[in-house]
Amino acid sequence: MHAARERFAADGYGRATIRAIARDAGIDPSMVMRYYGNKEGLFAAASEIDLRLPELGGLPGKHIGAVLVGHFLDRWEQDDVLTALLRVGVTNAAGAERMQAVFKQQLGPLAAGVCPDPAEAPARAALAASQILGMAIARYVLRFPPAVAMSRDEVIAWIAPTVQRYLTAENP
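Residues numbered from 1 in each chain as written. Predicted model: local features only at pLDDT ≥ 70, side-chain atom pairs only at ≥ 80, totals over all residues. Heavy atoms only, no water.

A.B. asks: Please clarify how the overall build of the chain should be interpreted in this entry.
C.D. replies: The number of helices and strands found in the chain is ten helices and zero strands. Overall, the chain shows an N-to-C arrangement of helices and strands of α-α-α-α-α-α-α-α-α-α. Viewed in the frame of its principal axes, the chain has a C-alpha envelope of about 55 × 35 × 25 Å. Burial statistics for the chain: of 172 residues in total, 43% are counted as buried. Taking the contacts inside the chain whose residues are at least 6 apart along the sequence as the reference set, 62% of them involve residues at least 24 apart. (Helix = DSSP H or I, 4+ residues; strand = E, 2+ residues; numbered from the N terminus. Buried < 20%, exposed > 50% of the residue type's maximum accessible area, 1.4 Å probe, protein only. Contact = heavy atoms within 4.5 Å.)

Written as structure tokens, this is what we have:
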């Protein structure tokens, strides 16, 4: 699985091949096909992500945005698979579906646990994700110099209040 993650991260979904991944792993390509069926199946397995979201329920409400943004900054900086998944998610239907599943299964329940009206959780999670993913694209994918140059504390100071508002403020 490590070889697949590395290859998808380096080449993206479109350019990564089963042959190259099998070569990197030191196995025959037929073994990849046997266990995963096709490249989409391999990508789905390789991009299985546990965001390891922090438990926010016990936090004072005013810290939720900062904790969440800090958590995502840590994850982006420690896990190339997330960056690869983001790249693939914006260019490929299978990648987009994988990102949508991660969003629905992991970020959705987190939002439901902290927002004033659980019925609003999907919309609030989408708004929070727009801020977090926007910074991830600017900082880790496109590498905009001003976004890269910002310290962790600066990113949190700018983005956390917006994420906080999206998740916990009363509906305007």
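Don't stop here, the text continues.
A.B. asks: Just checking my understanding: could you explain the environment of isoleucine 64 for this structure?
C.D. replies: In this structure, isoleucine 64 sits in helix α5 (residues 64-78). You can call isoleucine 64 buried: its relative accessible area is 4%. As a C-alpha pair, isoleucine 64 and tryptophan 76 span twelve residues in sequence and 18 Å in three-dimensional space.

A.B. asks: How should I be thinking about the layout of surface pockets in this particular structure?
C.D. replies: Unfilled space is identified by rolling a water-sized probe across the atoms. Empty space within the largest pocket amounts to approximately 350 Å³. As for the largest pocket, its lining consists of 19 residues, and the residues nearest its centre are Met99, Val102, Phe103, Ala129 and Leu133. If you list the elements that add at least two residues to the lining of the largest pocket, you get α5, α6 (80-89), α7 (93-114) and α8 (121-141). If you tally residues by element for the lining of the largest pocket, the top one is α7, at six residues. In this structure, the second largest pocket spans a volume of roughly 160 Å³. As for the second largest pocket, its lining consists of Glu120, Ala123, Arg124, Leu127, Arg165, Tyr166, Ala169, Glu170, Asn171 and Pro172. Secondary structure elements with two or more residues in the lining of the second largest pocket: α8 and α10 (152-168). A per-element tally of the lining of the second largest pocket places α8 first, with three residues. Taken together, the residues of the lining of the second largest pocket break down into five nonpolar, one polar and four charged. (1 Å grid on protein atoms, 1.4 Å probe; cavity = no way out; pocket = protein on both sides within 12 Å on 5 of 7 lines; lining within 4 Å. Points joined across faces, edges and corners; volume = space filled by probe spheres on them. Nonpolar A, V, L, I, M, F, W, Y, C, P; charged D, E, K, R; others polar.)

A.B. asks: How do you make sense of a nonpolar patch on the surface when you look at a structure like this?
C.D. replies: A contiguous nonpolar surface patch, about 460 Å² in accessible area, is contributed by Met1, Ile27, Met31, Tyr35 and Tyr36. With respect to the helices and strands, the residue methionine 1 is situated in the segment before α1 (2-15). Given the relative accessible area of 37%, methionine 1 is considered partly exposed. (Patch = residues over 30% accessible without salt bridge, like charges linked within 9 Å, V, L, I, M, F, W, Y side chains within 5 Å. Areas by Shrake-Rupley, 256 points an atom, 1.4 Å probe, with all protein chains shown as cover. Salt bridge = Lys/Arg side-chain N within 4 Å of Asp/Glu carboxyl O.)

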